[in-house]
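The primary structure of each chain is shown beneath.
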Amino acid sequence: MLVDREISSVELTEAVLGQIDTVGEKTKAYLLVTRELARRQAKDADERLRANRDVRPLTGIPIALKDVLCVQDVVSTAGSKILKGFSPPYSATVVERLEAEGAVFLGKTNCDEFAMGSSNENSGYWPVHNPWALERVPGGSSGGSAAAVASGEAVAALGSDTGGSIRQPAALTGIVGFKPTYGRVSRYGLIAFASSLDQIGPMTRDVVDNAILLQAIAGHDPRDSTSSERPVPDYLSTLRNGVKGMRLGVPKEYFVAGMEPAVEQAIRDAIRLLEQQGASIEEVSLPHSDVALPAYYIIAPAEASSNLARYDGVRYGYQAEGAKNLIEEYMLTRQQGFGAEVKRRIMLGTYALSSGYYDAYYLQAQKVRTLIIEDFKHAFEKVDVLVGATSPTVAFGLGAKTQDPVAMYLNDIITIPANLGNVCGISVPCGLADGLPIGLQLIAPGFREEVALQVAYAFETATDFRKLQSPLMRAAA
Amino acid sequence: MPEPESELSSREVEHVARLARLGITPDEVVRYRDQLRHILAAINALKQADTSKVPATAHPLEARNVMRDDKREPSLPAEAALKNAPSREDAYFKVKAIQE
């Protein structure tokens, strides 16, 4: 990166801001570009670099932040109209950590409203377009972050992943996206969707950048009591250890019905390549994979219905006009402020938690979650890392699935188990089908991020896939 | 385990929207009812899993109490907490009458 100091942070930042000017109207990746802030931070970073004062790996690097991350005094809306104009009184811990590194903030990236979606079409503002094919979705919910990195509108980005929202858009835009283990990264200042599943993670052009960004944000935070006190290993020190002698498991359930043949072929080729690199491959079973999606669509909406109760039009955000009393003000504010998918999930979650249905839905889903955790435990007794596809399809057309919520939910069928199972998963590019990127998913046990990164790096360096660039990125070069 | 109703009714949708403090038009009641029925039908696969001997997950990590040291730390100033308020009076959030 800037370690060799061939160019200044100001030059790099101006180049990236220039790319945003050139292609921003095509991708619509950003909800807000913070030009002044970026220029000020870049100047500060150059001072720091010149004086050789506390230079960190991310000093001077222009980074995009998903709009669910609070930045003090910078409008943060989680892609929702109900938070239009909301100016956070404090910053997320990950934001503070990047500031301490001397990173440069380019702005807030578009996403599905409150991170609920797999295509970015649920944004309360506008959809994002895939830099590989503008009439297609970039995936979601971190679709703006993915499109920004894939189009050269950011060197790296942060996303959040509740059921695949980092990995799936990374796969669909040909970049590297990592969902760390729940508890590895502080969620303080992350606008909550489902608090037992949400996790912030890095989205980057390659695995080395990913490891560097994760290193910067991982670790205990006293302000998030669910963040783990386990020490954070040095991710770069083990990155190049290769896969020789490693045991890789291929979950047979992850070759789901409806998987596109070109995706399956790319995944099988990738597995063969890892075998050639010296890994041993065996088929494993995660027998409860088929009920992960139903369990998720109870647990996540249930938690969301509780988390989103705070948007009442009283303390911040949108407030409806003309209400006669407080209850009516709540009802109107939420009716006018939330989009259709958010309302669907609030109602689904409220229903699953309501009297008479709690046992059949919520409690049963939490029991199924235990089964999924056990599935991973058993698999990881036999193998070090699990390998499969990230998404069963390549990027689909804008509007193709918006009329059918269930078809949209199926996009996350092989990313959701990692969230429910408290493990970590990374998506790395593993080829193209008709010019559209395919992602390979590598899943490692909880708090073994270094193992996932090690396999991802071995795969990346054994192939040329990281050199593949979207047409928008190529045009800039 | 009690079986959920076979089909979600319009009345239940209205009830749930009310519980969630979500205003909803008559057209939306029908639309959300149909969509939620479709989603619930897909989710019903959940019941296939044998969970008779399985405890529910109560916490994604090892469950433990987390206590902080009992010392004073800076807190958010009232002005910062109030700066996004749609309506306020002095150092208070202003709300509509709770009863008419």
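Owing to the predicted nature of the structure, the values given are computational and were not obtained by experimental measurement.

Chemist: Pulling in residues and values, what's your account of the confidence of the model for chain B?
Modeler: Residues and elements named next belong to chain B. For chain B, mean pLDDT is 89; residues scoring 70 or higher make up 92% of the total. Taken as a whole, residues 1-5 scores under 50 in pLDDT and shows 13 contacts with residues more than four places along the chain or in a different chain. The ipTM value of the predicted complex is 0.92, and its pTM value is 0.97.

Chemist: Give a description of the packing of helix α8 (residues 292-307) of chain A against helix α10 (residues 340-353) of chain A that names residues and reports values.
Modeler: All names here are of chain A. At a minimum axis separation of 7 Å, α8 and α10 run at an interaxial angle of 100°. Considered as vectors, α8 and α10 are oriented roughly perpendicular to each other. Between α8, through Tyr 297, Ile 298, Pro 301, Ala 302 and Ser 305, and α10, the contact on the second element is made entirely by Arg 345, Ile 346, Leu 348, Gly 349, Thr 350, Ala 352 and Leu 353. Split into classes, the residues belonging to the contact of α8 with α10 amount to eight nonpolar, three polar and one charged.

Chemist: Which residues make up the pattern of salt bridges, and what are the values?
Modeler: All names here are of chain A. As enumerated under the stated definition, the model contains 29 salt bridges over all chains in all. In this structure, the salt-bridge partner of Arg 35 is Asp 21, at a minimum N-O distance of 2.6 Å. In this pair, Arg 35 is assigned in helix α2 (residues 35-50) and Asp 21 in helix α1 (residues 9-27), connecting sequence segments 14 residues apart. Its salt-bridge partner being Glu 101, residue Arg 56 comes within 3.2 Å of it at the nearest N-O pair. Highlighted residues: Arg 56 in the loop between α2 and β2 (62-66) and Glu 101 in helix α3 (residues 93-101), separated in sequence by 45 residues. Overall, the relative accessible area of 37% leaves Arg 56 in the partly exposed class. A cluster of three or more residues bridged by salt bridges with shared partners is formed by Glu 96, Asp 221 and Arg 223.

Chemist: Account for the pairing of strand β11 (residues 436-444) of chain A, naming residues and giving values.
Modeler: Residue and element names in this part refer to chain A. Taking burial as the measure, the nine residues of β11 include nine buried ones, the bulk of the element. With burial as the criterion, each face of β11 is covered, one bearing Leu 436, Ile 438, Leu 440, Leu 442 and Ala 444 and the other bearing Pro 437, Gly 439, Gln 441 and Ile 443. Pairing between strand β9 (residues 385-389) and β11: four bridges, direction antiparallel. Paired with Ala 389 across the strands is Leu 440, a residue of β11. Hairpin connection, strand β10 (residues 424-433) to β11: the antiparallel pair is bridged by two residues, and Asp 434 has positive phi, about 50°.

Chemist: How would you explain the domain arrangement of chain A if you had to name every residue and give the values?
Modeler: All names here are of chain A. Once the domains are mapped, chain A shows domain 1 (9-248 + 382-476) and domain 2 (290-365). Here the C-alpha centre of domain 2 lies 26 Å away from the C-alpha centre of domain 1. On the side of domain 2, 25 residues touch domain 1, which itself brings 27 residues to the contact. A buried area of about 2300 Å², summed over both sides, lies between domain 1 and domain 2, and 69% of it is on carbon and sulfur atoms. Among the residues domain 1 hides against domain 2, the three largest losses belong to Ile 82, Met 116 and Tyr 409. Together they make up 32% of the total. At the boundary of domain 1 with domain 2, the tally comes to zero salt bridges. Inspection of the domain 1/domain 2 interface yields eight residue pairs in polar contact (both at pLDDT 80 or more). Here the element with the most residues in the side of domain 1 that touches domain 2 is helix α13 (residues 416-420); it accounts for three residues. When its residues are assigned to classes, the side of domain 1 that touches domain 2 shows 17 nonpolar, seven polar and three charged.

Chemist: How would you explain the interface of chain B and chain A if you had to name every residue and give the values?
Modeler: The interface is formed by 57 residues belonging to chain B together with 67 residues belonging to chain A. Summing the contributions of chain B and of chain A, the shared interface buries around 5500 Å²; its carbon and sulfur component is 66%. In this assembly, chain B and chain A are joined by three salt bridges. Across the pair Lys 83 of chain B and Asp 73 of chain A runs a salt bridge, and its minimum N-O distance is 2.6 Å. For the pair chain B and chain A, the number of links is 19 residue pairs in polar contact (both at pLDDT 80 or more). Breaking the side of chain B that touches chain A down by element, the ones donating at least two residues are α1 (10-19) and α2 (26-43) of chain B. If you tally residues by element for the side of chain B that touches chain A, the top one is α2 of chain B, at nine residues. By residue class, the composition of the side of chain B that touches chain A is 34 nonpolar, eleven polar and twelve charged.

Parameters at a glance
- In every chain, residue numbers begin from 1 and rise along the written sequence.
- The order in which chains are written sets their letters, starting at A; the order in which ligands are written sets their numbers, starting at 1.
- Per-residue local features are limited, in this predicted model, to residues with pLDDT of at least 70; the limit for side-chain atom pairs, both in listing and counting, is 80 or more; totals at the level of whole chains, interfaces and linings are taken over all residues.
- For the side-chain quantities, the full set of heavy atoms in the structure was used; hydrogens and water were omitted.
- Residue-level confidence of the predictor is what pLDDT reports, using numbers from 0 through 100.
- Any two residues whose heavy atoms approach within 4.5 Å at even a single point are treated as in contact.
- Whenever a helix is involved, its axis is fitted only over the stretch in contact; in every case the axis is a line through C-alpha atoms, and angles between N-to-C directions fall within 0 to 180 degrees.
- In this text, helices come from DSSP runs of H or I with a minimum length of four residues, and strands from runs of E with a minimum of two, each type numbered from the N-terminal end.
- Angles below 35 degrees are treated as roughly parallel, those above 145 as roughly antiparallel, those between 65 and 115 as roughly perpendicular, and all remaining angles as oblique.
- Gly is placed with the polar residues, together with every amino acid not listed as nonpolar (Ala, Val, Leu, Ile, Met, Phe, Trp, Tyr, Cys and Pro) or charged (Asp, Glu, Lys and Arg).
- The rule for a salt bridge is simple: a side-chain nitrogen of Lys or Arg has to be within 4 Å of a carboxyl oxygen of Asp or Glu.
- Under the scheme applied here, a residue whose accessible area is under 20% of the maximum for its type counts as buried, over 50% as exposed, and between as partly exposed, the area being computed with a 1.4 Å probe on protein chains only.
- Strand pairing is assigned whenever DSSP identifies at least 2 bridges connecting the two strands.
- Where each domain starts and ends follows an automatic or database-derived domain assignment.
- The buried area of a pairing is the accessible area, by a 1.4 Å probe, that goes missing from both parts when the two are put together, added over both.
- We call two N or O atoms a polar contact when they sit within 3.5 Å, provided that within protein one can donate a hydrogen and the other can accept it, with sequence-adjacent residues counted only if both atoms are side-chain atoms.

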